[in-house]
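# Close look at the chain arrangement
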Amino acid sequence: MHWRAISLAVFLIFSPVSALQAHEAHRNNEPDPVAQSNEHNAADESMASMQSGDMTDPHAEHAHKAATDKSFDLIDFLGRLHPMAVHFPIALFLVAALAELIMIINPTAGVGSSVRFLVWIGAAGGIVAAILGWLAGGIRMSDRSEILGLHRWTGTGIAITGILLALLSNAPANSGKRTVFRVGLAAVALAILFQGYWGAEMSLGPNHMGM
């Protein structure tokens, strides 16, 4: 049993480190780790050029000062809350989808109000998580990291769809709007699975599942 406790302790210690490293890479708009190998030579040459150049240039000094400035950054702090915030809408939407499935199988189960509650709170949490995600990944429309781009826009789509689902959550069971609601909720549940995988790819590294 001791080796299991040791393994758990090592995981708890080092997993936040990898997440923080991924956070910095995403804010700096760095490419995926696999793609970075093709840019190492150019980066090394650029670094050597900077080291051999005139470091008295005021622009270089300003850039160096900005890079080493460790003062409190509110945007950076809020972005670091994104991994914590995403768990709530994920759980709420998935449970809402399960409850809706139960209602389809057994219309008299009486879970309609629960579905509405879960979807509304999930939609609110999705908006918060999406905003924090944009702060974590940097405010830009395109990313050098393909995984970050997929994660960014899928998360944004989930947040927007969540709002629409909340507005449709009170539709009657046998109506066309309810059918649209159910299809949308199923799509969100499926998208969440991919979203979780891409998030782990960024924090744990490519092919983290060894597949």
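Everything below is about the structure shown above.
Right, let's talk about a nonpolar patch on the surface for a bit. Residues Phe117, Trp120, Ile121, Ile127, Ile131, Ile160, Ile163, Leu164 and Leu167 make up a contiguous nonpolar surface patch of roughly 890 Å² in combined accessible area. Of the residues forming the nonpolar patch, the biggest block, five residues, is contributed by helix α8 (residues 112–137). With respect to the helices and strands, the residue leucine 164 is situated in helix α9 (residues 146–168).

Packing of helix α7 (residues 87–105) against helix α10 (residues 176–204) leaves a shortest axis separation of 9 Å and a crossing angle of 135°. By the angle between their axes, α7 is oblique relative to α10. In this structure, α7 meets α10 at a crossing whose hand is left-handed. Contacts between α7 and α10 involve Pro89, Ile90, Phe93, Leu94, Ala96, Ala97, Glu100, Met103 and Ile104 from the former and Arg178, Phe181, Arg182, Leu185, Val188, Ala189 and Ile192 from the latter. Residues of the contact of α7 with α10, tallied by class, amount to 13 nonpolar, no polar and three charged.

In the structure shown here, the tally under the stated rule is three aromatic pairs. Look at phenylalanine 72 and phenylalanine 77: their rings are 5.9 Å apart centre to centre, the planes differ by 45°, and that puts the pair in the tilted class. Judged by relative accessible area, which is 63%, phenylalanine 72 ranks as exposed. Judged by its relative accessible area of 41%, phenylalanine 77 is partly exposed. Note on tryptophan 134 and tryptophan 153: the rings are 5.3 Å apart at their centroids and 85° apart in plane angle, and the pair reads as edge-to-face. Pair noted here: tryptophan 134 is in helix α8 and tryptophan 153 is in helix α9, with a separation of 19 residues, a long-range link.

Right, let's talk about the nonpolar core for a bit. One finds Phe93, Val119, Ile158, Leu165, Phe181, Leu185 and Val188 to be the most contacted residues of the largest nonpolar core, which totals 16 residues. At the level of secondary structure, the elements contributing two or more residues to this core comprise α7, α8, α9 and α10. In this view, phenylalanine 93 contacts Val119, Gly122, Ala123, Ile158, Gly162, Leu185, Val188 and Ile192; residues no more than four positions away in its chain are not counted.

The rules behind the values
Residues numbered from 1 in each chain as written. Predicted model: local features only at pLDDT ≥ 70, side-chain atom pairs only at ≥ 80, totals over all residues. Heavy atoms only, no water. Patch = residues over 30% accessible without salt bridge, like charges linked within 9 Å, V, L, I, M, F, W, Y side chains within 5 Å. Areas by Shrake-Rupley, 256 points an atom, 1.4 Å probe, with all protein chains shown as cover. Salt bridge = Lys/Arg side-chain N within 4 Å of Asp/Glu carboxyl O. Helix = DSSP H or I, 4+ residues; strand = E, 2+ residues; numbered from the N terminus. Axes fitted to C-alpha atoms, helices over the stretch in contact; angles between N-to-C directions. Parallel < 35°, antiparallel > 145°, perpendicular 65-115°, else oblique. Left-handed = near helix turned anticlockwise from the far one by under 90°. Contact = heavy atoms within 4.5 Å. Nonpolar A, V, L, I, M, F, W, Y, C, P; charged D, E, K, R; others polar. Phe/Tyr/Trp six-rings, centres within 6.5 Å; stacked < 30°, edge-to-face > 60°. Buried < 20%, exposed > 50% of the residue type's maximum accessible area, 1.4 Å probe, protein only. Core = buried A, V, L, I, M, F, W, Y, C linked by side-chain atoms within 4.5 Å.

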